There are 2 protein chains.
Amino acid sequence: MKNKWIYFFDEVAEVERYVGGTWDGVRALLGGKGANLAEMTRIGLPVPPGFIVTTEACNAYQNAGGQFPGDLWQQEQEAIKRLEAQTGKKFGDPAKPLLVSCRSGAEFSMPGMMDTVLNIGLNDEVAEGLAVLTGDERFAYDSYRRLIQMFGSVVMGIDDEPFEKVIAETRNEAGVKSDADLEADHWKAVTREFGKIFKAKAGLDFPQDPIEQIKLATEAVFKSWNGRRAIDYRNAAGIPHDLGTAVNIMTMVFGNMGDTSGTGVAFTRDPSTGENVIFGDYLTNAQGEDVVAGIRNTKKIDEMAEDFPDAYAQFVDICRKLENHYHDMQDMEFTIERKKLWILQTRDGKRTAMAATKIAVDMVEEGLITRERALMRVSPDQVDTLLHPQFDPGAKKVASAEGKLLAKGVNASPGAAVGMTALDADLAQKWGNSGKDVIMVRPFTKPDDVHGMLAARGILTSEGGATSHAAVVARQFGMPCIVGASNVAIDLEKRRLTANGIVVKEGDWISIDGGTGEAFVGQIPTIAPKLEEQTSLLTMLSWADEVRRLQVWANADYPEDAARARSFGAQGIGLCRTEHMFFQEERLPIVQRMILAGNEEEREKALNELLPFQRSDFEGLFEAMDGLPVIIRLIDPPLHEFMPNHREVLEQVIEKRVKGETEGLAELESLLTAIEGMHESNPMMGMRGVRLSIMMPGIVKMQVRAIFEAACNVARRGGVVKPEVMIPLAGHVNELKAIQPQLESTAKAVMEEKGVEIEYKFGTMIEIPRAAVTAGEIAGVAQFFSFGTNDLTQMTFGYSRDDAESRFLLEYVTRGILPQNPFQTIDQDGVGELMKMAVAGGRAARPDLEVGICGEHGGDPASIEFCHLIGQDYVSCSPFRVPIARLAAAQAALKEKGVTAK
Amino acid sequence: MKNKWIYFFDEVAEVERYVGGTWDGVRALLGGKGANLAEMTRIGLPVPPGFIVTTEACNAYQNAGGQFPGDLWQQEQEAIKRLEAQTGKKFGDPAKPLLVSCRSGAEFSMPGMMDTVLNIGLNDEVAEGLAVLTGDERFAYDSYRRLIQMFGSVVMGIDDEPFEKVIAETRNEAGVKSDADLEADHWKAVTREFGKIFKAKAGLDFPQDPIEQIKLATEAVFKSWNGRRAIDYRNAAGIPHDLGTAVNIMTMVFGNMGDTSGTGVAFTRDPSTGENVIFGDYLTNAQGEDVVAGIRNTKKIDEMAEDFPDAYAQFVDICRKLENHYHDMQDMEFTIERKKLWILQTRDGKRTAMAATKIAVDMVEEGLITRERALMRVSPDQVDTLLHPQFDPGAKKVASAEGKLLAKGVNASPGAAVGMTALDADLAQKWGNSGKDVIMVRPFTKPDDVHGMLAARGILTSEGGATSHAAVVARQFGMPCIVGASNVAIDLEKRRLTANGIVVKEGDWISIDGGTGEAFVGQIPTIAPKLEEQTSLLTMLSWADEVRRLQVWANADYPEDAARARSFGAQGIGLCRTEHMFFQEERLPIVQRMILAGNEEEREKALNELLPFQRSDFEGLFEAMDGLPVIIRLIDPPLHEFMPNHREVLEQVIEKRVKGETEGLAELESLLTAIEGMHESNPMMGMRGVRLSIMMPGIVKMQVRAIFEAACNVARRGGVVKPEVMIPLAGHVNELKAIQPQLESTAKAVMEEKGVEIEYKFGTMIEIPRAAVTAGEIAGVAQFFSFGTNDLTQMTFGYSRDDAESRFLLEYVTRGILPQNPFQTIDQDGVGELMKMAVAGGRAARPDLEVGICGEHGGDPASIEFCHLIGQDYVSCSPFRVPIARLAAAQAALKEKGVTAK
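Small disclaimer: the values here were computed from a predicted structure and weren't measured.

So, how was this worked out
Residues numbered from 1 in each chain as written. Chains lettered and ligands numbered in written order. Predicted model: local features only at pLDDT ≥ 70, side-chain atom pairs only at ≥ 80, totals over all residues. Heavy atoms only, no water. Axes fitted to C-alpha atoms, helices over the stretch in contact; angles between N-to-C directions. Helix = DSSP H or I, 4+ residues; strand = E, 2+ residues; numbered from the N terminus. Parallel < 35°, antiparallel > 145°, perpendicular 65-115°, else oblique. Contact = heavy atoms within 4.5 Å. Nonpolar A, V, L, I, M, F, W, Y, C, P; charged D, E, K, R; others polar. Buried area = accessible area lost by both parts, 1.4 Å probe. Salt bridge = Lys/Arg side-chain N within 4 Å of Asp/Glu carboxyl O. Phe/Tyr/Trp six-rings, centres within 6.5 Å; stacked < 30°, edge-to-face > 60°. Buried < 20%, exposed > 50% of the residue type's maximum accessible area, 1.4 Å probe, protein only. Disulfide = S-S within 2.5 Å. Pairing = 2+ DSSP bridges. Least-squares fit on C-alpha atoms with pLDDT ≥ 70 in both. Core = buried A, V, L, I, M, F, W, Y, C linked by side-chain atoms within 4.5 Å. Arc of directions from axis to C-beta. Polar contact = N/O pair within 3.5 Å; in protein donor to acceptor, adjacent residues only side chain to side chain.

### Quick word on the packing of helix α6 (residues 137-155) of chain A against helix α7 (residues 161-174) of chain A
All names here are of chain A.
Argument step 1. Taken N-terminus to C-terminus, the directions of α6 and α7 make an angle of 150°; their axes are 10 Å apart at the nearest point. Judged by the angle between their axes, α6 and α7 are roughly antiparallel. Contact with α6, carried on its side by Arg145, Ile148 and Gln149, involves Phe163, Glu164 and Ile167 of α7 and no other residues of that element.
Argument step 2. Per-class residue counts for the contact of α6 with α7 are three nonpolar, one polar and two charged.

What follows is the structure, given as structure tokens:
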């Protein structure tokens, strides 16, 4: 069978037969641009005639080693003849010249591929003829010189620089500042010079034969598919290399044929707000690039109603038709040539998050799309931007251009923040409490920095990764945060930081974008949205709740967190980190006393002092989550995290010794000995979680007592409490067997004392690879699993969460060694495989096992989809990500059903 | 069908029919003791008549809630009647009294169960009769009072203390020091007092009815099966709780009926050396317990030839018969009653490692057992003790008794060592090189301590676990080592250590037992064996080599190591740690220069200086292993391990600052900054292995160049080299893809330069859980896998190798939370499951994938068996463990075939 390599715009029906009727098939064969041109032609829109060389032709060309395969070139020549017949014009005929544009167009829009070449068909003779035909010699030669330059640069790979130099010299000689002031003769001369440059650089005369021009342009498009940048882009975006690109050849129409002509670009709706009004710019007597280049002041699209009433009415009608056809907002290019409207291109319009949401919801109400489809139209990342202040994009560009970029680190928690630099937590708190906007900048943060972090607008650290302390706390509080900005050198003595050659003194203003990881010196203006005002988003989330199977819970340590999470739609607390309560100012000294206790009695005493604090925290949590489950994790971190900084104590001791100061030395020395006695080489794999509970059961017994006293108190006041006690870091079922019965006894004892029966569960985190592998055994004891994917990722990869990102992990991602940062998105092949084993093993042993996730991945859309697919019951994430997770969970369910955005 | 609960010693044929003919079945029903008594009876040995109440009866008793089930008691009464008929004696008949012993006897010998009760059948009347019959009133009443005391304590649970008090008072009143000096009347009086105590404590008169005595004793044996200590023991030893115990009732015979009687214990061969001579002690006119208690000086067994020539000849004959029957060395109890020899018990004799080996080999040569069975008779741990110096067991007991035990830590590397305490590596080296015996004692060791370790006889650390640096290096060099002796407080300023209340000054002698983890103050004498002198062991190892499928390779970093490994039978090098070469004195400064290099040029220069060192090391290795494969691992540790100690530099800086000293401060500060820049929170999960190679490829390129230059040089000199280059710590196949092709290019370039073609492989370690999970992908690139089970265990459990053991892991093992230390024996359920996945996945992708293990588990017998079962090709261990591994590999293969030690 003979291959058909070329289709005219009006042959879409034939294409559909060939590819089997699907729109995806049509796009794959004709490319996105060509498919839309053919589609518009079919529904009767005024598209200039033209044809498409298919992606199959491109692939055949590559496979033939960069030669036109079979009869491709013959088919293209025949197509040219047919185009001439269709238009009544002729290539190379000065009297009625046919001019065409040539553009690449792959299935997916791709930077790095060949741009447009306009005005193909011009040569010395035709240019003269065009001047006569249009009565505009300047236009003719301006067009011709553009062809030579575009052809030279795009097709022959000639540098733009010598061309630009000629124009600059011509301006100088003419004594004008703008190209617009150059006359026809200037352009004629420029055209001649361009011809010479072309010959010198390309080694041949500018091809005078329009057919030769088309052949070379077609080949250039094919070749651009395998250009360095295109390959890199496909690698990065995961686009296969065997798709190929199509070539679109379209008859030129001219918007610059006087005042009855014009050209513009328009969206069917406002791409910024989503409002249902046509939005765009146009110019009379101009060509498309003039609108884009901004050389002349454009007019608003609605002014067209006055300038071209008929064309405008037709255009409004076309907008409606296109939306009805594509069921999506369109971005179009059009030209009016002597009052006749031509549509040159349409595609789905890019839009802001706010517009995406509003358009999707509006289109459901307009009956254009289903709710399910609408839910697929907004990405969870877009929802994220709706919840956090953002920098004004223009202002950010300006700041970058002015060299104010300080650093690009790990985008740990999204949103924009502006504040004065504070280099320690105490100062951050002092300034923050006095009403100043503060960005706290530290090498890294520790739990006892939290007071400063909470008083700041944002956090910047030079060390740490996406699950470092700073990152986790920041996300928890929806606070913008950049971590691991390793080029930021912080000098705590001189109270300043240096980055990218800029010195920022403490107190100087900086601006951080937690969504991109960029930090700037100075103040960049921000835009701040509110959830309750975003009615379209709220509507969409309510639809999401109807379709998702996965529940969305939140990680919350304090009653206020829990209340916020619930207002965002959380259906439970998946993780309350009890130890965060230990770090509060009035409590930390008691905790330290408990740790340093010389005997059991002293320890018991300190624990008894902590009990009322914990109990009151838990009461608040239970009240906020009335009726919903609350998972409380028993103490997890190693005890040394609660102790003063080793280095500081060491420095004090050495200083005192060297100076011979004895006052207080002995106490400091004994503190130092205690801290050093607690030192671990690899604390992440050390004495924490259930290990600590087994070796020192007093703490967790106190915690369980506090949980159940609080639960009973709230229940007696009429609340419905569903406490679930979570034991962290189990790796062997015997660890649970060693501690859980003791804790259940405590729980029962409390309920008996209080005379209240509470529904409760005991369960564990799955965060040690061994726990995943032996999940069946563990589920024999645990009533629920919660994946701690931060630690599970850490152990499965052997990547220290504290160090890996800044040392090598980001570089791995940049170089494509890892497809993504596994601390942000679950590594499905490795970590995910263990999670699957755990769900399967756990449910085999205990069919009603409750399975969730409380690691940072619980708020990541791709990870949420994975959690859905492996059959988890819920995901738990920071309160600010609950809306994102609700949408992502819905999309996961819809995707599984086969629902797409189109 | 009616249950038969009781079998006489002569009914073994009936038992066999019932249990289906197997010896295991007989043992299970009759218990070990009973089965042997029945067996001896069958082969015609003189065993006093008696019967066995079966383990089934015991289980039925437990199931009946502690009641004699069905007609059990009736059957036992009938058995008593039959015993009376058989012996012609009668229970309770003073004229011809029948006396019996009652003993428990389960399938496996078990402490914590009921001991023997002798002399059952005595009462007031019978005692008097016995006095008349034997003409020895003292004997009669001594026997009777013993019955009351044993019965009281064992059957009724009465404390021994009041009984002992009566005897002590009687001695006082009689004015004698020893029980032996008490007369018949004394014992008569004691018997009366014992009766009173019995009544007071047990609440009933001592039962006068012998039948009642038997009933109570039988029940006491049954009950002891569920005693606390027996249950604990079964839990610890993994013995099922439903086996039950049998009860052995045997007619008493007396060795104390004058000079024609005697009693003794004997082994059929020397249990200490294995020599084929009867070995034992006996006494004339004595009862069994006298021999054991050591009250009188015993005679050597061969003196019996003179005292009792007939009985002795019969005994020698019986020894031969028993060995022929059991095919193993026996440990027997016998009594001669009025010249007649009775055998009261036989069992397999306990023996030393040396004896075990010699006996097994001799028995093969004597045609008693097959080679395969002989191989199952010696445990790999026993081979281990044959290769290391050991403390004289008696001397160790004395030292313990004298309170010289300092500490009990992790038994990191076996063997005994005695030396003067040196608290740092430099001093250890200085003293060691001057010919002194040194034990180096440190909190922990680092690679730059190795010079001191090598000069020491043994190592003791207060921190670290079984795979800590000290432990690994010590095992590598077969040097006794204890780590994690956490009660040892080392005071480096006062140059002393304190442990268990003992102060040991630097230079004081200590003795360490690396096999048990015990450290003592002072010098304990040692016994030092040599492999080449142990002909039985060498014979056995040569047999092992014939049956094992698993190859045994060795971990060796230096040519001398490799040569030693080969002499011990290694078939390849499974791990050469190239970085160990970096720590040598002349090289470390170059390495540090390389690390601190300010630019690529400086780094390149330092690397070029290292190249010749590495090349010459590799040449030596290849020469030593001529013809065998050598796996060389590229650099693994993080670079900061090569830098000076952070704390020391920090202290120097602070000191200089405080003192205001500026000289050298700037350099120290910049060194400090560099070291701190390299700091990682969890270095075990940090920038090391392939991560380091990807970020800084210069080092590994140099190493690969050195490997192939060395290989080519050796090959050109006629050697056969098989280098295998191992890339450590891969977790994602893309890591290998990123670095391996570069290294292969280097290899090819070298071979081209040298004009030599070498057979080589590139492979990776499987030590990251993710690598095991995605082994199929990884095997697409790697040609071999080597399990790094130290790291794999670390990551799978999330246990820091540096910290876990001393913090909680040993406690976990002690409390049974973990069945064993997973750093010593592979955790089959968790880590092992990942290993299985890796082998399956890897071989599916590459059927000829070479799979081995180079972690510390490669020398552990249980782990070696696991490696055999999952189909590995080899295990690699430290040179000193190669013989152990050869035997363990053979046993694994035999066990799989069903070969047992019996």
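### As for the interface of chain B and chain A
Argument step 1. Contact with chain B, which involves 60 residues of that partner, is made by 60 residues of chain A.
Argument step 2. Between chain B and chain A, roughly 5,000 Å² of surface is buried when both sides are summed, and carbon and sulfur atoms account for 59% of that area.
Argument step 3. Considering only the side of chain B, the residues that lose the most area to chain A are Met685, Arg770 and Arg807 of chain B, jointly responsible for 14% of the buried surface there.
Argument step 4. Linking chain B with chain A are four salt bridges.

### With respect to the packing of aromatic side chains
All names here are of chain A.
Argument step 1. Throughout the structure, instances matching the rule amount to 48 aromatic pairs over all chains.
Argument step 2. When the centroid spacing of 5.8 Å and the interplanar angle of 65° are considered together, the rings of Phe568 and Phe880 count as edge-to-face. Of this pair, Phe568 sits in the loop between α22 (559-567) and β25 (573-577) while Phe880 sits in the loop between β31 (874-877) and α36 (882-897); the two residues are 312 residues apart in sequence, bridging distant segments of the chain.
Argument step 3. Assessed through its relative accessible area of 12%, Phe568 is described here as buried.
Argument step 4. In this structure Phe880 comes out as buried when scored by relative accessible area, which is 16%.

### Some points on the state of the cysteines
Argument step 1. This structure, assessed with the given rule, holds zero disulfides over all chains.
Argument step 2. Not engaged in a disulfide, the cysteine Cys877 of chain A finds its nearest cysteine sulfur in Cys867 of chain A; these two sulfurs lie 11 Å apart.
Argument step 3. The thiol sulfur of Cys854 of chain B is not disulfide-bonded, and the nearest other cysteine sulfur, from Cys867 of chain B, lies at 11 Å.

### Description of the sheet that holds strand β4 (residues 117-120) of chain B
Two modes of strand pairing occur in sheets, parallel and antiparallel, and in both the strands are linked by backbone hydrogen bonds.
Residues and elements named next belong to chain B.
Argument step 1. The sheet built from five strands is open, its strands ordered β1-β2-β5-β3-β4 with antiparallel pairing. With one partner strand each, in any of the chains shown, β1 (6-8) and β4 form the two edges of the open sheet. Each strand of the sheet is rotated relative to its neighbour by a mean of 25°, with strand direction disregarded.
Argument step 2. Bridge count for strand β2 (residues 50-53) against strand β5 (residues 245-251) is four bridges, and the pairing is antiparallel. Bridge assignment links Phe51 to a residue of β5, and that residue is Ile249.

### Looking at the relation of the copies chain B and chain A
Argument step 1. The transformation that overlays chain B on chain A combines an axial shift of 0.3 Å with a rotation of 179°, and the residual RMSD is 0.5 Å. The two molecules are tied by a two-fold rotation axis, judged by turn and shift. For chain B, the smallest separation between a C-alpha atom and the rotation axis is recorded for Asn682 of chain B, amounting to 2.2 Å.

### Thoughts on the sheet that holds strand β30 (residues 850-853) of chain A
Residue and element names in this part refer to chain A.
Argument step 1. The parallel open sheet is built from eight strands, whose spatial order is β30-β29-β28-β27-β26-β25-β24-β31. Where the open sheet ends on each side, the last strands, each with one partner, are β30 and β31. Averaged over all adjacent pairs, the angle separating strand axes in this sheet is 25°, with direction ignored.
Argument step 2. Bridge count for strand β29 (residues 784-787) against β30 is four bridges, and the pairing is parallel. Pairing of Ser786 across the sheet is with Gly852, part of β30.
Argument step 3. Sheet strands in contact with helix α24 (residues 600-624) are β25, β26 (629-633) and β27 (722-727), and its direction is about 155° off that of β26.
Argument step 4. The strands touched by helix α34 (residues 831-845) within the sheet are β28 (761-766), β29 and β30, with β29 carrying the most contacts at an inclination of about 175°.

### Some points on the nonpolar core
Argument step 1. By size, the foremost hydrophobic cluster in this structure holds 346 residues, and its most contacted members are Phe618, Phe622 and Phe708 of chain A together with Phe618, Phe622 and Phe708 of chain B.
Argument step 2. In contact with Phe708 of chain B, not counting residues within four places along its chain, are Pro723, Val725, Ala747, Val750, Met751, Tyr760 and Phe762 of chain B.
Argument step 3. Grouped together as the second largest cluster of nonpolar side chains are 66 residues, Leu98, Cys102, Ile120 and Tyr144 of chain A included.

### Structural notes on helix α18 (residues 425-433) of chain A
All names here are of chain A.
Argument step 1. Looking at α18, one finds that the buried residues are Ala425, Leu427, Ala428, Trp431 and Gly432. Buried residues along α18 cover an arc of 160° about the axis, so they all sit on one side. Exposed residues on α18 whose side chains face more than 90 degrees from its buried face are Asp426, Lys430 and Asn433.
Argument step 2. Two to three positions downstream of the cap, the backbone nitrogen of Asp426 sits 3.1 Å from a side-chain oxygen, assigning the N-cap of α18 to Asp424.
Argument step 3. Positive phi shows up at Gly435, right after α18, with a value of about 95°.

### Here we look at unusual backbone geometry
Argument step 1. Positive phi is not limited to glycine here, since Asn119 of chain A has a value of about 65°.
Argument step 2. Positionally, Asn119 of chain A belongs in strand β4 (residues 117-120).
Argument step 3. At Leu729 of chain B, a position not held by glycine, the phi torsion is positive, near 70°.
Argument step 4. Along the polypeptide, Leu729 of chain B turns up in the loop between β27 (722-727) and α29 (733-754).

### Some details on the side chain of Gln740 of chain B
Argument step 1. Position of Gln740 of chain B among the secondary structure elements: in helix α29.
Argument step 2. Setting aside residues up to four positions removed in sequence, Gln740 of chain B forms contacts with Ile727, Phe762 and Val781 of chain B.

### Describing the environment of Asp873 of chain B
All names here are of chain B.
Argument step 1. Inspection of the secondary structure assignment puts Asp873 in the loop between α35 (861-869) and β31 (874-877).
Argument step 2. For Asp873 and Val851, which are 22 residues apart along the polypeptide, the C-alpha to C-alpha distance reads 5.4 Å.
Argument step 3. Once residues within four sequence positions are removed from consideration, Asp873 is found in contact with Arg549, Leu550, Gln551, Arg843, Leu849, Glu850 and Val851.
Argument step 4. Looking at Asp873, its side chain comes within polar contact range of the side chain of Arg843, at 3.1 Å.

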